[in-house]
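Listed below are the residues making up each chain.
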Amino acid sequence: MPKFRIFAILALATLALVGFLGPLRAQDRALPYWAALRYEKVNMRVGPSAEYPVAWVYQRQGMPVKVIRIREGWRLVEDHEGTQGWISASQLDLARAGLVIGEGLAEVRAGPSDAAAIKWKAEPGVVAKIKPCKQGWCEVDIAGRKGFMSAARLWGSDQLPGDE
């Protein structure tokens, strides 16, 4: 067998193995970790299979959830109200998100400081894309508008063991 053919076969086998191990590695991450709802409509079920009844239907793309258990292609998640149920892994996105919580409007500032100018205010319930928070402040992106918000006003801002 020519050397080129052996090399090509080994290269294809390596690519196939890497493609197979990638999803497995994602399931090996430490628990808990944050995820976000991938679609506008996501079903939460009472058990880890499509055979189980739907307990709740989320209609909020990007909403953060905490993944607390893994079973094959399903994730046991908890939402900001403490509700737990199973969601198919394909319905979740590993991008970080935060949900504005607390009473009254949350200030979005120009920088990570109480002294920074207020750019605008966000209502509780607003979903934001967030970067890892530092020193009590999170960089947020809310519908394309960027700024900084106190981590205390965002559910999903805590650093968890499985976050990368």
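Residues numbered from 1 in each chain as written. Predicted model: local features only at pLDDT ≥ 70, side-chain atom pairs only at ≥ 80, totals over all residues. Heavy atoms only, no water.

Asks: Tell me what's going on with the overall build of the protein, and back it up with residues and numbers.
Replies: From N to C terminus, the protein includes 1 helix and 14 strands. Out of the 164 residues belonging to the protein, those deemed buried represent 35%. Sequence-distant contacts in the protein: of pairs separated by 6 or more residues, those separated by 24 or more amount to 58%. For the protein, the computed accessible surface area is about 10000 Å², with 56% contributed by carbon and sulfur atoms. (Helix = DSSP H or I, 4+ residues; strand = E, 2+ residues; numbered from the N terminus. Buried < 20%, exposed > 50% of the residue type's maximum accessible area, 1.4 Å probe, protein only. Contact = heavy atoms within 4.5 Å. Areas by Shrake-Rupley, 256 points an atom, 1.4 Å probe, with all protein chains shown as cover.)

Asks: Mind laying out the state of the cysteines, listing which residues take part and the relevant values?
Replies: Inspection of every chain in the model, using the stated rule, returns 1 disulfide. There is a disulfide in this structure between Cys133 and Cys138, and the S-S distance comes to 1.8 Å. Disulfide Cys133 to Cys138: torsion about the S-S bond roughly 100 degrees, handedness right-handed. Given a relative accessible area of 0%, Cys138 falls into the buried group. (Disulfide = S-S within 2.5 Å.)

Asks: Go over the nonpolar core, please, and point to the residues and values.
Replies: Residues Leu37, Val65, Val77, Ile87 and Leu92 are the most contacted members of the largest nonpolar core, which totals 17 residues. Counting only elements with at least two residues in this core, the list comes to β1 (33–37), β2 (42–45) and β4 (64–71). A per-element tally of this core places β1 first, with 4 residues. If near-sequence neighbours (up to four positions away) are discounted, Ile87 is found in contact with Leu37, Val42, Asn43, Met44, Tyr58, Trp74, Arg75, Val77 and Leu92. Counting residues in each nonpolar core, the second largest holds 13 residues, with Val100, Ala106, Trp120 and Cys138 among its members. (Core = buried A, V, L, I, M, F, W, Y, C linked by side-chain atoms within 4.5 Å.)

Asks: Now, about the side chain of Ser157: what can you tell me, with residues and values included?
Replies: Structurally, Ser157 is set in the segment after β14 (154–155). For Ser157, a relative accessible area of 9% puts it in the buried group. In terms of polar contacts, Ser157 uses its side chain to reach the backbone carbonyl oxygen of Ala151, at 3.0 Å. Here the side chain of Ser157 touches Leu154 through a polar contact of 2.9 Å, landing on its backbone oxygen. Ser157 has contacts with Trp34, Arg96, Ile130, Cys133, Cys138 and Ala151, leaving out every residue within four places of it along the chain. (Polar contact = N/O pair within 3.5 Å; in protein donor to acceptor, adjacent residues only side chain to side chain.)

Asks: Give me the pattern of salt bridges: which residues, what numbers.
Replies: Scanning the model with the defined rule gives 3 salt bridges in all. One salt bridge connects Arg109 with Glu107, and the closest N-O pair in it is separated by 2.6 Å. When its relative accessible area of 9% is taken as the criterion, Arg109 is described as buried. A salt bridge links Lys131 to Glu139, with the nearest nitrogen and oxygen atoms 3.8 Å apart. (Salt bridge = Lys/Arg side-chain N within 4 Å of Asp/Glu carboxyl O.)

Asks: Go over the environment of Gly98, please, and point to the residues and values.
Replies: Within the secondary structure, Gly98 sits in strand β8 (residues 97–100). Taking the relative accessible area as the measure of exposure, Gly98 reaches 0% and is therefore buried. Through-space distance from the C-alpha of Gly98 to that of Ala128 is 5.2 Å; in sequence the pair is 30 residues apart. Those residues in contact with Gly98 that lie beyond four places of it in its chain are Pro64, Val126, Val127, Ala128, Ile130, Leu154 and Trp155.

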